[in-house]
Amino acid sequence: MLLWASCMLSGLLVGCGSSPFYAPDQQLGTASHQYPHPVIDYYLDSRSGNRLHVQRHLSSPPNANLVVHFHGNAGNLSKTSEKVVWLVDHGFDVLLFDYSGYGQSSGNASRETLRLDGITFLEHVSALSRPSGQRRILIGTSMGGAVLVDALASSELQTEFDLLVIDSSFDHYSKLARDVISRYPLSYLVAKVAEWTVSDQHAPADQIDKLKAIPLLVAHCQEDGLIPLERGFELFEQAQTAKVFWSMEKCLHARTFTAEHPDNQQLLLEQFELLPPVIMTASQGVGSASQTLK
């Protein structure tokens, strides 16, 4: 994440690849055979014209529930899987993919490319055979939350899923750029320029109000040193669906549900258990709430 901040600052000053928001990595971390459970790798042709690497982590129960993960702006699926693969031990298959230019996926990363990749992946998931009663849960982490919100709003597939979880994400690209750059010494003017010049096309805050048929959980760590909690809460405020905001204590950026926070993992599992395999609405008793969780 420090690499992202450095790339964003230098990118706005002198240019940084295709975009200062993306830091893809082609080097693999954990290999498929190194996981203690079965893993299936395959490839998917994207609307972007690129070929995407997809990885399915299999749970032991037949007809397992399904978690679909959109990872953040840095690394690749092999280096971000820890955020969700622990769910395999709790009866969930976990489906991961890499955006264009990340890991073993072809092409280059850009906002439009990732948007098309996200739509393609959601279409792919919705076309998979769905056992009776299977819960399908979407999780987007950091930049992945932004990509997921935009793709889901554009795809009109929200009724195919039972819950949307957005972790450590943000509302507007311009405000994110300002907040990240302003952390550097003597960067006030550059941060202001970033806020004025960075495009907010397909910004999550402008898309999330279209998602009225899927319940929403937004989680954000109070001690997030990269994306301020305010950004996540402002995104939550724009949502027009049954929703809850979790303000999490004693965790860092995009580490909300990783192994060092087993209590947070348990809270998420309990939320999943409360979810019936049908779409919930406010009229069914799921309203809007904000909670601070220790």
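The shown structure was predicted, so the numbers you read here are calculated from the model rather than taken from an experiment. (Residues numbered from 1 in each chain as written. Predicted model: local features only at pLDDT ≥ 70, side-chain atom pairs only at ≥ 80, totals over all residues. Heavy atoms only, no water.)

Focus: helix α9 (residues 262–274)
Spelled out, the test is: Put simply, DSSP H or I for four residues or longer makes a helix, DSSP E for two residues or longer makes a strand, and each gets a number counted from the N terminus. A helix is expected to span 1.5 Å multiplied by its residue count minus one. Here the term buried applies to any residue with accessible area under 20% of the maximum for its type, exposed to any over 50%, and partly exposed to those in between, with areas from a 1.4 Å probe on protein chains only. The directions considered for the arc are those from the helix axis to the C-beta atoms. The contact criterion used is simple: two residues touch if any of their non-hydrogen atoms lie within 4.5 Å.
A rise of 1.5 Å per residue sets the reference length of α9, with its 13 residues, at 18 Å; its end C-alpha atoms lie 19 Å apart and thus fit the reference within 8%. Within α9, the full set of buried residues consists of Asn 264, Gln 265, Leu 268, Leu 269, Gln 271 and Phe 272. What you see down the axis of α9 is that its buried residues fit within an arc of 155 degrees, all on one side. In α9, the exposed residues that point more than 90 degrees away from the buried face are Asp 263, Glu 273 and Leu 274. Summarising the contacts, the buried residues of α9 are in contact with β4 (65–70), β6 (92–97), β7 (136–141), β8 (163–167), β9 (216–221) and β10 (243–248).

With respect to the nonpolar core
So the rule is basically this: As used here, the term nonpolar core means buried Ala, Val, Leu, Ile, Met, Phe, Trp, Tyr and Cys residues forming a set that is joined through side-chain atoms within 4.5 Å.
Among the nonpolar cores identified, the biggest contains 52 residues, and Phe 70, Phe 121, Leu 122, Leu 138, Leu 164 and Tyr 173 are the most heavily contacted of them. Per-element accounting of this core gives the leading share, eight residues, to helix α4 (residues 143–155). Beyond its immediate sequence surroundings of up to four residues, Phe 70 is in contact with Phe 97, Tyr 99, Gly 118, Phe 121, Leu 122, Ile 139, Gly 140, Thr 141, Gly 144, Val 147 and Leu 148.

Quick word on the confidence of the model for the chain
Heads up, the condition is: Confidence per residue, as judged by the predictor, is encoded in pLDDT with a range of 0 to 100.
Of the residues in the chain, 86% reach a pLDDT of 70 or more, and the chain-wide mean stands at 88. Below pLDDT 50 for its whole length, residues 1–6 participates in 18 contacts with residues either more than four positions away or in separate chains. For the stretch residues 8–18, pLDDT sits under 50, and the model shows 19 contacts to residues farther than four places along the chain or on other chains.

Structural notes on the pairing of β10
Note the following rule: Strand pairing is assigned whenever DSSP detects at least two bridges linking the two strands. With the strands pointing away from the viewer, any crossover whose connection runs clockwise from the first strand over the helix to the second is right-handed.
Counting buried positions along β10 gives six out of six residues, so the element sits mostly inside the fold. By the alternation rule, side chains of β10 split into Lys 243, Phe 245 and Ser 247 and Val 244, Trp 246 and Met 248, which are all buried. Sheet topology note: the β9/β10 ladder contains six bridges and is parallel. In the sheet register, Ala 219 faces β10, and the bridge partner there is Trp 246. Where the polypeptide runs from β9 across helix α8 (residues 229–238) and back to β10, its parallel neighbour, the crossover connection is right-handed.

Looking at unusual backbone geometry
Unlike most non-glycine residues, Ser 142 shows phi in positive territory, near 55 degrees. Examined against the element boundaries, Ser 142 turns out to sit in the loop between β7 and α4. Residues other than glycine seldom take positive phi values, yet Ala 254 does so here, at roughly 60 degrees. Within the secondary structure, Ala 254 sits in the loop between β10 and α9.

What to know about empty space enclosed by the protein
We apply this condition: Definitions used throughout: a 1 Å grid over protein atoms alone; a cavity as a set of points that fits a 1.4 Å probe which cannot get out; a pocket as an open set with protein on both sides within 12 Å along at least five of seven lines; a lining residue as one with an atom within 4 Å of a point. Grid points are joined across faces, edges and corners, and a volume is the space filled by probe spheres set on the points. Under the scheme applied, nonpolar residues are Ala, Val, Leu, Ile, Met, Phe, Trp, Tyr, Cys and Pro; charged residues are Asp, Glu, Lys and Arg; polar residues are all the others, including Gly.
Tallying each qualifying case throughout the model produces two cavities of 30 Å³ or more. Within this model, the largest cavity holds a volume of roughly 70 Å³. Looking at the largest cavity, the residues that line it are Lys 83, Val 84, Leu 87, Ile 139, Thr 141, Asp 167, Ala 254, Thr 256, Phe 257, Thr 258 and Leu 268. Looking at the lining of the largest cavity residue by residue, the class counts come to six nonpolar, three polar and two charged. Here the second largest cavity is characterised by a volume of approximately 50 Å³. Together, Tyr 22, Arg 111, Leu 114, Arg 115, Ala 146, Val 147, Asp 150, Tyr 173 and His 202 line the second largest cavity. Residue classes in the lining of the second largest cavity are distributed as five nonpolar, one polar and three charged.

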